[in-house]
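# Coordinates in review
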Amino acid sequence: MPASLPLRTGLVGLLLVGLLLLALGGMAPLLVCAQPSDVRLTAERRPVEVGMEPAFFHLQEEGNTLEQWSSHLWLSAPLGRRTHLWARAQMATASATGRASLDGVGDTRVGVSTVRSPGAGSLVGSLQVNIPSGRQSARSDQLETTVLLGQPAFEASVASLGQGWSVVPGLTWALPLGDRVVAGLGGSFRYLGGYVPLEDGGPTYTPGNEILLNAGLDVRLRPATAWSLDVAYTRYGTDEFGGVETFAPGDRWTVTTQIRTSLGRQADVRILGRYTGPGQGTLPPPPGGAGGDRSLQALPESLQGQVDGRFPLGRTVRMVVQARVARYASTDATLRTAPPSDWDLGSRRTLTQVGGGPEIRIGDAVSWRPHVTYTGGTFRRITARFALIWRQ
């Protein structure tokens, strides 16, 4: 499916404004973009694809429960061999222990990318836009549920519904360095528009703009085995609430390495490791308060390892299996509500996840991909997805 336009969800963006309001009120083709995208460094014509993916998410931590039902719809289509368009929409309903339920339609996200081949390399230009067609505003008690959905470790299918306009132009360049090595550089700028998060009105929240830089390296070790390394840097601008600077997220590094090998007959295995540095931000002093800026770690440092594979079970069925371990360090985030919340947002979390499901081909154009994962450790989580895809 086309990857969605990544917005400032999690503890940066909507989660932060939620915390502020609650406090105030109580070798595959080389992907070298700085953010997940639908960019490919090839000029091959891609098929038209239409898909939908209902999903269920259930999480329990220390007697608390968080649930979400959601559905994603997407369309992608080529415009010739070098240009590709995609669009995506979503809807969700969520509930949490002791908190108000939240439901609505999400924003519409669209994107376009085009490939050019100057000399021996490949150059990809891309543009992604978030159209604020979804639910932007909520009651203050519903924002508490949104804060929980935005937790990076929880990995909810829909972390937020509606936000403001977002425009992300990007440029990616890849160059072969011999027969076995490809190097790439990517960069993009993310403009994020403001919106009013509270249902009864109030100040406008404007996330800071972002700069994303990325460098990647792919090395073919054997005819069927490739190793890659990717380093991404994100610089976050300063958020504003009602025209007043509220939080400067700072910057963040992510390093990803993986080995992928083909076993023939549509079977392959991938081993992946990822480190994400902490988001060390600053808060300005309170109005009328003395002293300088205060340090606040809003995003957790994390370390993840994953193994996944795909294995054929006949002509029309292929099995997908996955195992993953992850560790999220503690942060300074808290959820201050009345009555007090039992959720501990800033605690350290260690997780083990296993999952799998078949890819079933139905005729020449349709495939069905049910997938279920179970996560144990600091909390227990079950996620089920049922993607139905048509390609022509």
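Anyway, here's the lowdown on the structure attached to this text. (Residues numbered from 1 in each chain as written. Predicted model: local features only at pLDDT ≥ 70, side-chain atom pairs only at ≥ 80, totals over all residues. Heavy atoms only, no water.)

It is worth spelling out the pattern of salt bridges at this point. Scanning the entire structure with this criterion turns up 13 salt bridges. Close ionic contact of Arg99 with Glu144 constitutes a salt bridge, the shortest N to O distance being 2.7 Å. Of this pair, Arg99 sits in strand E4 (residues 99-105) while Glu144 is found in helix H2 (residues 140-149), placing the two residues 45 residues apart along the sequence. Both residues of the pair, Arg99 and Glu144, belong to the buried class. One salt bridge connects Arg324 with Glu155, and the closest N-O pair in it is separated by 2.8 Å. Here Arg324 is found in strand E19 (residues 317-328), whereas its partner Glu155 is found in the loop between H2 and strand E7 (166-176), with 169 residues between them in sequence. (Salt bridge = Lys/Arg side-chain N within 4 Å of Asp/Glu carboxyl O. Helix = DSSP H or I, 4+ residues; strand = E, 2+ residues; numbered from the N terminus. Buried < 20%, exposed > 50% of the residue type's maximum accessible area, 1.4 Å probe, protein only.)

Time to look at H2. Across the 10 residues that make up H2, a large majority, eight, are buried. Every buried residue of H2 is accounted for by Gln142, Leu143, Glu144, Thr145, Thr146, Val147, Leu148 and Leu149.

A few words now on the packing of aromatic side chains. Counting across every chain of the model gives four aromatic pairs. A centroid spacing of 5.3 Å and a plane angle of 90 degrees characterise the contact between Phe154 and Phe379, whose relative ring orientation is edge-to-face. Linking Phe154 in the loop between H2 and E7 with Phe379 in the loop between strand E21 (366-377) and strand E22 (380-391), this pair joins segments that are 225 residues apart in sequence. Across the pair, exposure class does not vary: Phe154 and Phe379 are buried alike. Their ring planes at 90 degrees and their centres at 5.8 Å tell us that Tyr195 and Tyr205 sit as a pair that is edge-to-face. (Phe/Tyr/Trp six-rings, centres within 6.5 Å; stacked < 30°, edge-to-face > 60°.)

Let us now look at a nonpolar patch on the surface. A surface patch of nonpolar side chains, amounting to about 680 Å² of accessible area, comprises Met52, Leu73, Met91, Val105, Ile362, Trp368, Phe386 and Leu388. Exposure remark for Ile362: the relative accessible area of 45% places this residue in the partly exposed category. (Patch = residues over 30% accessible without salt bridge, like charges linked within 9 Å, V, L, I, M, F, W, Y side chains within 5 Å. Areas by Shrake-Rupley, 256 points an atom, 1.4 Å probe, with all protein chains shown as cover.)

This part covers the pairing of strand E10 (residues 210-222). As defined by bridge partners, strand E8 (residues 181-192) adjoins E10 across 10 bridges and the pair is classed as antiparallel. Counted as the bridge partner of Gly184 is Gly216 from E10. Judged from the 12 bridges that link them, E10 and strand E11 (residues 225-236) form a sheet pairing that is antiparallel. By the bridge assignment, Glu210 is partnered in E11 with Tyr236. Linkage of E10 to E11, two consecutive antiparallel strands, is achieved through a turn of two residues. (Pairing = 2+ DSSP bridges.)

A separate point is the side chain of Arg252. In this structure, Arg252 sits in strand E14 (residues 251-264). Despite its burial, Arg252 pairs with no opposite charge, the nearest such side chain being Asp251 at 8.7 Å. Among the polar contacts made by the side chain of Arg252, one reaches the main-chain carbonyl oxygen of Gly277 at a distance of 2.8 Å. For Arg252, the side chain forms a polar contact with the main-chain oxygen of Pro300, separated by 2.6 Å. Setting aside chain neighbours within four positions, we find Arg252 in contact with Ala232, Tyr233, Thr234, Tyr236, Thr276, Gly277, Pro278, Gly279, Leu299 and Pro300. (Lys, Arg positive; Asp, Glu negative; His and termini not counted. Polar contact = N/O pair within 3.5 Å; in protein donor to acceptor, adjacent residues only side chain to side chain. Contact = heavy atoms within 4.5 Å.)

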